[in-house]
Amino acid sequence: MKRLQDQTVFITGGLTGIGKACAIAAACEGANVVIADIKSVALDSTLKEIRAENSSAEFVECDITSTENIKNAIAFTIEKFKTLDVALNNAGIGGEAEPLVEMSDDNWNNVIRVNLTGVFQCMKQELEVMATHKKGVIINMASVLGQIGFAGSAGYVAAKHGVIGLTKTAALENATKGIRVNAICPGFVETQMLAKGGLDANEVSKQKVMGMHPMNRFGKTSEIATAFIFLASGESSFITGSTLNVDGGYIAQ
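Residues numbered from 1 in each chain as written. Predicted model: local features only at pLDDT ≥ 70, side-chain atom pairs only at ≥ 80, totals over all residues. Heavy atoms only, no water.

S.K.: Describe the pairing of strand 4 (residues 86-89), with residues and values.
M.R.: Burial along strand 4 is two-sided: Val86 and Leu88 and Ala87 and Asn89, pointing in opposite directions, are all buried. In this region the chain leaves strand 4, passes through helix 4 (residues 105-133) and returns to the parallel neighbour strand 5 (residues 136-141); the handedness of that crossover is right-handed. (Buried < 20%, exposed > 50% of the residue type's maximum accessible area, 1.4 Å probe, protein only. Helix = DSSP H or I, 4+ residues; strand = E, 2+ residues; numbered from the N terminus. Right-handed = clockwise from strand over helix to strand, strands pointing away.)

S.K.: Any details on the sheet that holds strand 3 (residues 57-61)? Residues and values, ideally.
M.R.: One open sheet holds the seven strands; their spatial order is 3-2-1-4-5-6-7, and the pairing between them is parallel. Two strands lie at the open edges of the sheet, namely strand 3 and strand 7 (243-246), each paired on one side alone. Each strand axis lies, on average, 20 degrees off the axis of its neighbour in the sheet, ignoring direction. Of the pairings in the sheet, the one linking strand 2 (residues 32-37) to strand 3 comprises five bridges and is parallel in character. Paired with Val33 across the bridge in strand 3 is Ala57. Its contacts with the sheet place helix 2 (residues 43-53) against strand 2 and strand 3, and it is angled at close to 150 degrees to strand 3. (Pairing = 2+ DSSP bridges. Axes fitted to C-alpha atoms, helices over the stretch in contact; angles between N-to-C directions. Contact = heavy atoms within 4.5 Å.)

S.K.: Any chance you could break down the pattern of salt bridges for me, citing the residues and the numbers?
M.R.: The final tally for this structure, using the stated rule, is seven salt bridges. Residue Asp85 is joined to Lys135 by a salt bridge in which the shortest nitrogen-to-oxygen separation is 2.4 Å. Highlighted residues: Asp85 in the loop between helix 3 (67-81) and strand 4 and Lys135 in the loop between helix 4 and strand 5, separated in sequence by 50 residues. Classification of Lys135 by relative accessible area gives partly exposed; the value is 38%. A salt bridge links Glu223 to Arg217, with the nearest nitrogen and oxygen atoms 2.7 Å apart. A relative accessible area of 28% places Glu223 in the partly exposed class. Judged by its relative accessible area of 31%, Arg217 falls in the partly exposed class. (Salt bridge = Lys/Arg side-chain N within 4 Å of Asp/Glu carboxyl O.)

S.K.: Tell me about the packing of helix 4 against helix 5 (residues 154-174), and please be specific about residues and values.
M.R.: Closest axis-to-axis distance for the helix 4/helix 5 pair is 8 Å, and the angle between their directions is 15 degrees. Regarding the angle of helix 4 to helix 5, the classification is roughly parallel. The handedness of the crossing between helix 4 and helix 5 comes out as right-handed. Packed against helix 4, whose contacting residues are Trp108, Val111, Ile112, Asn115, Leu116, Val119, Phe120, Met123 and Leu127, the element helix 5 presents Ala154, Gly155, Tyr156, Ala158, Ala159, Lys160, Gly162, Val163, Leu166, Ala170 and Asn174 at the interface. Taken together, the residues of the contact of helix 4 with helix 5 break down into 15 nonpolar, four polar and one charged. (Parallel < 35°, antiparallel > 145°, perpendicular 65-115°, else oblique. Left-handed = near helix turned anticlockwise from the far one by under 90°. Nonpolar A, V, L, I, M, F, W, Y, C, P; charged D, E, K, R; others polar.)

This is how it looks when you write it as structure tokens:
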């Protein structure tokens, strides 16, 4: 039997990158998939790929900086599939790379609003629904930068540290309610976000960051999706409040 057979999986930021890989993996495991994201040119092609694995896939437009958008997206999910079994809070942005003393208030506020407050607001709505069903799994996409510092990324680092803190706290508050909450901490992964950060255009910087990983390469989205399926499924039934590093050894140093 498939590991997520007939379960409903809600994924923010699921049109591209890691979110897309997780959505496809969930569909392969028999899940009904709801992607909550800002509309983009990737919409039709992504849905086609997911529906090739399982026709029960839907898209709902959602900006996670809007509490109303989040509530509507969760309501859409329940209306369509009657339940919410797994939520992956994956949507995020990188922000501008600059030293802390040069970081504008707008840059800081934008990164925190999306990467931390957005996750907080999603979790509130997800936990409320899951509590009524007395079961559920929440997985937050953090980062290795949620455990260490990284020059030029103060906002992102602070937000991802906060996501890990939220994960641990929510896990403790819901441990006896049938709800598990965990986080995934990827290393640097080959995605559009990584390319947007300029590494594809600068081979020297690319090799330097790649070399920070003992395996001397970037991760693949499929490798993060494998970890997601493990945490989403019953195979991880005694795991809550944990962070799973999928980082090529980055944090082991």
